[in-house]
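Each chain, letter by letter, is given below.
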2 protein chains.
Amino acid sequence: MLKYSEMNKEQLRSELEAIKQRYEDFCRRGLKLDMSRGKPCKEQLDLSLELLNMVNSENGYKDSYGTDCRNYGLVDGLPELKALFAEILEVPAENVIVGGNSSLNLMFDTVQQAMFKGLGGQPWSSQGKVKFVCPAPGYDRHFAICEYFGIEMITVQNKPNGPDIDTICKLIEGDPAIKGIWCVPKYENPEGFTYSDEAVKRLAAVKPAAPDFRIFWDNAYAVHDLNDEGDKLLNIYKECSKNGNEDMVIMFTSTSKITFAGAGVAAMAASSANISEIKKRLTIQTIGPDKINQLRHIRMFKNLDDIKAHMKRHAQIIKPKFETVLRIFDQELGDTGIAHWTKPNGGYFISLWVLSGCASRVTELCKQAGLVVTPAGATYPYGKDPDDSNIRIAPTFPDISELAAATELLCICVKYAALEKMI
Amino acid sequence: MLKYSEMNKEQLRSELEAIKQRYEDFCRRGLKLDMSRGKPCKEQLDLSLELLNMVNSENGYKDSYGTDCRNYGLVDGLPELKALFAEILEVPAENVIVGGNSSLNLMFDTVQQAMFKGLGGQPWSSQGKVKFVCPAPGYDRHFAICEYFGIEMITVQNKPNGPDIDTICKLIEGDPAIKGIWCVPKYENPEGFTYSDEAVKRLAAVKPAAPDFRIFWDNAYAVHDLNDEGDKLLNIYKECSKNGNEDMVIMFTSTSKITFAGAGVAAMAASSANISEIKKRLTIQTIGPDKINQLRHIRMFKNLDDIKAHMKRHAQIIKPKFETVLRIFDQELGDTGIAHWTKPNGGYFISLWVLSGCASRVTELCKQAGLVVTPAGATYPYGKDPDDSNIRIAPTFPDISELAAATELLCICVKYAALEKMI
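Quantities reported herein were computed from a predicted structural model and do not represent experimental measurements.

## Remarks on the packing of aromatic side chains
The full count for this structure, using the stated rule, is 31 aromatic pairs over all chains. When the ring of Phe193 of chain A is compared with that of Tyr195 of chain A, the centres are 6.3 Å apart and the planes differ by 40°; the resulting orientation is tilted. An identical accessibility class is assigned to Phe193 of chain A and Tyr195 of chain A; each is buried. Between the aromatic rings of Phe108 of chain B and Phe149 of chain B, the centroid separation amounts to 5.0 Å while the plane-to-plane angle is 45°, which identifies the pairing as tilted. Of the two residues, Phe108 of chain B is situated in helix H4 (residues 103-116) and Phe149 of chain B in the loop between helix H5 (140-148) and strand S4 (152-157); the sequence distance between them amounts to 41 residues. Of the residues examined, Phe149 of chain B reaches a relative accessible area of 8% and is grouped as buried. Put simply, the rings of Phe108, Phe116, Tyr148 and Phe149 of chain A together with Phe108, Phe116, Tyr148 and Phe149 of chain B pair up and form one aromatic cluster. If you follow Arg70 of chain B out to its NZ or CZ, it ends over the ring of Tyr61 of chain B, 3.4 Å from the centre.

## A closer look at the pairing of strand S5 (residues 178-183) of chain A
All names here are of chain A. Of all 6 residues in S5, 6 are buried; the element is thus mostly enclosed. Across 3 bridges, the pairing between strand S3 (residues 131-136) and S5 is parallel. Paired with Val133 across the bridge in S5 is Ile181. As paired elements, S5 and strand S6 (residues 214-218) share 4 bridges and run parallel to each other. Across the sheet, Ile181 pairs through a bridge with Ile215, a residue of S6.

## Side note on the pattern of salt bridges
Tallied over the entire structure, the rule returns 46 salt bridges over all chains. We note a salt bridge from Glu277 of chain A to Lys280 of chain A, for which the minimum N-O separation is 2.8 Å. Remark: Lys280 of chain A and Glu277 of chain A occur in helix H9 (residues 272-285); sequence separation between them is 3 residues, near one turn of the helix. Taking the relative accessible area as the measure of exposure, Glu277 of chain A reaches 16% and is therefore buried. The shortest N-O distance in the salt bridge between Glu408 of chain B and Arg22 of chain B comes to 2.9 Å. Within this pair, whereas Glu408 of chain B is found in helix H13 (residues 400-422), its partner Arg22 of chain B is found in helix H1 (residues 9-29), the two being separated by 386 residues in sequence. Assessed through its relative accessible area of 26%, Glu408 of chain B is described here as partly exposed. Salt bridges here are not isolated pairs; linked through shared partners, they connect Arg22, Glu332, Glu408 and Lys415 of chain A.

## Some points on the environment of Lys201 of chain B
By the secondary structure assignment, Lys201 of chain B is in helix H7 (residues 197-204). Distance in space between the C-alpha atoms of Lys201 of chain B and Glu90 of chain B is 16 Å, their sequence separation being 111 residues.

## Observations regarding the domain arrangement of chain A
Reports of interface size often rely on the accessible area that becomes lost once the parts have come together. Residue and element names in this part refer to chain A. Here chain A is described as being made up of domain 1 (4-44 + 308-422) and domain 2 (61-302). Placing the centre of domain 1 and that of domain 2 at their C-alpha centroids yields a distance of 31 Å. Taking both partners together, domain 1 and domain 2 bury about 2700 Å²; carbon and sulfur atoms supply 57% of that area. Summed over the three residues of domain 1 that lose the most area to domain 2, namely Met311, Asn345 and Tyr382, the buried surface amounts to 24% of that side. Counting across the interface, domain 1 meets domain 2 through 3 salt bridges. Notably, a salt bridge pairs Asp228 with Lys312, separated by 3.7 Å at the nearest N-O pair. Along the contact surface separating domain 1 from domain 2 lie 16 residue pairs in polar contact (both at pLDDT 80 or more). Listed by contribution, the elements that provide at least two residues to the side of domain 1 that touches domain 2 are helix H11 (304-333), strand S10 (350-354) and strand S12 (390-393).

## What about empty space enclosed by the protein?
Going through the model one piece at a time under the given rule, you end up with 8 cavities of 30 Å³ or more. The space that makes up the largest cavity amounts to roughly 650 Å³. For the largest cavity, the lining is made up of 41 residues, of which Gly100, Asn101 and Asn105 of chain A together with Gly100 and Asn105 of chain B are closest to its centre. Broken down by secondary-structure element, the contributors of at least two residues to the lining of the largest cavity are strand S2 (96-98), helix H4 (103-116) and H9 of chain A together with strand S2 (96-98), H4, helix H9 (272-285) and helix H10 (291-300) of chain B. Considered class by class, the residues forming the lining of the largest cavity number 14 nonpolar, 21 polar and 6 charged.

## Observations concerning the nonpolar core
Counting 123 residues, the largest nonpolar core has Trp217 of chain A together with Trp217 of chain B as the members making the most contacts within it. Within the second largest apolar cluster, 71 residues are counted, among which are Phe116 and Cys146 of chain A together with Trp124 and Phe132 of chain B.

Thresholds applied
Residues numbered from 1 in each chain as written. Chains lettered and ligands numbered in written order. Predicted model: local features only at pLDDT ≥ 70, side-chain atom pairs only at ≥ 80, totals over all residues. Heavy atoms only, no water. Phe/Tyr/Trp six-rings, centres within 6.5 Å; stacked < 30°, edge-to-face > 60°. Buried < 20%, exposed > 50% of the residue type's maximum accessible area, 1.4 Å probe, protein only. Helix = DSSP H or I, 4+ residues; strand = E, 2+ residues; numbered from the N terminus. Lys NZ or Arg CZ within 6 Å of the ring centre and 35° of its normal. Pairing = 2+ DSSP bridges. Salt bridge = Lys/Arg side-chain N within 4 Å of Asp/Glu carboxyl O. Domains from an automatic or database assignment. Buried area = accessible area lost by both parts, 1.4 Å probe. Polar contact = N/O pair within 3.5 Å; in protein donor to acceptor, adjacent residues only side chain to side chain. 1 Å grid on protein atoms, 1.4 Å probe; cavity = no way out; pocket = protein on both sides within 12 Å on 5 of 7 lines; lining within 4 Å. Points joined across faces, edges and corners; volume = space filled by probe spheres on them. Nonpolar A, V, L, I, M, F, W, Y, C, P; charged D, E, K, R; others polar. Core = buried A, V, L, I, M, F, W, Y, C linked by side-chain atoms within 4.5 Å.

The structure is reproduced here in structure tokens:
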């Protein structure tokens, strides 16, 4: 068929009529579909069902060192779990802190400490305006943290295959008010790309105008490959250290999308100087994390290979879901020339780009027909997509048949909005 | 025997010789004893061993509403657990937030929010100096939070049977820089007293000079009775509401000393206005608490009666420990007139008062003989006991024989220090 751009008014009108027909058919079906959030599905959660049996009244509550994990203590987590996260994040175990169930909580608390106490230096908030560089599209909850603390966000539009490192480095080196950057370096949310070795090296070598600048390295999808050959991410901590920048990066990850989204364990890693500053706060904030849940995870996964094997089982469940979305995108939108999208090698999202100025209309049409997608703009600071064209697709939670219906409906809405605009 | 005050120099000297003898005998035994922290003992933790079996691959991961507790969501906790804590704290369930494993963490985060964002009003930190009233002796970790945030602490010495409400109210009503007060209203740490109805009523009726003043009501020992007839604590939230002060109090509690010290669940309760302010932060800070551990607790305890029955089993284990300490105090110190102590009806501590100016010397002598007690001064803001005479005793963790030895040694050190001073 013709690209929409090659159709004449009459052809566009008849195409719109056909699309309206299909749209109304969907509306009549009164569907309730949700593609809005990156949540694991039941089958994925079932992969870790054994986690619930790892600590019980028979097999006991002590770790290998004989620590009674039921009682108080060990504010930075169980040594064996620190070692496991050290493998994932490729840092020494003494540079790891294992916390509760939420890496977002670790990030929020770290930004808060930097703002009001500082991480060795003066509090950011005592130095006037505080800004963050925000590669976008990105993770809405990162941006929400900045907004909550009144941190000004500078949007840097991603390139198709990675962040715009030139612009990013220029900003960081040029403005002492820039204290941080949010990065999801592997299978970026929602773009799906992984930072290239060159991107990591250049970021690690940046000479920030602010001596207390920090890279918030949210490696949420460190082991979340869809294919046997996963993307390789260079170790930014090693690269920073080579440049004498080891205090510049703070890494985060969790098992939220390895075991249980709500009942996993989260960890962070940083230089000894950063870790000791963070522990100064942590020892006042809590007597210690839930070590029993940490013990469950140690017993479930002896090492990184166990986790990798586990993640292949996740991939078997969610890869067909990604393929379903991509297949229907090809069928419905492939020839139209009004949209393009990412084909990620891992992570949790597909990033869909529709005709400029149409994203809000598309999500509105979806909503009216019973499909919830991530609100247009959510992937940008302040919820403002300058182009109103990016939509984040989360394929993992719905089952395949729902997903197929939702994706078809989404495509219809993409065409609907485009045709409205073109006519 | 004679009171020390009635002895002449010669009698004091010979008493000191005898005490030195006993002290050196203890030193030779090379003991390693610890009475320093309020930790449950193994037998207490074993009472909740079944908690580990409450959620497993057989009995499932859904609450009564069908929520899959493994996945994301419910930032303020499972409705059924909110209802259980509502029973404990005597407030409506919608006024409860259930968090992770640490009530200290809830308190720290709440003070932090009040300092830098405010709880509806302006941030405390934007209004100049911030002060807290700190009834003392009190909980060292409360004072540590104030110190961390640079909040000036005003020490108000407790009366023998409760806080000095006159002085406390005068301060709160007289100084707009006073933004908060720390209270452990039931079985106070370490004094063991429970706030009288009159004390609660007067605190609830106070007219603070600061409109954004808050009472931090740490009801850590709400159900922790040693005897069948536990102390009764008046509901301060109801009393505050009667005075139109419902926004003035924020309540905290946890199951740390009901189930597992390190793997329980913590909760807070406050007015709808406070809860909605706190949720504004919470929804940015985390996607939700560990609902699986919350589910374990719901299944373990259907209602408050289940918890009360469970706490009687705790009392059977720890009451003999309290009695051991008190018996030895009577035997060793009863006639000397150089010390007095509390006989609590619940909670986790005995508060020992030694001769003015002797507490540091006592703890130093204990340490040299292999007994760790809470550092002198720890129960006061900035670690400064103006009288250097209070020592917090935590009898729950050691077994009875260790405890007996530790207590005898402690008494010897109390006498030793007193005699040194009197001669």
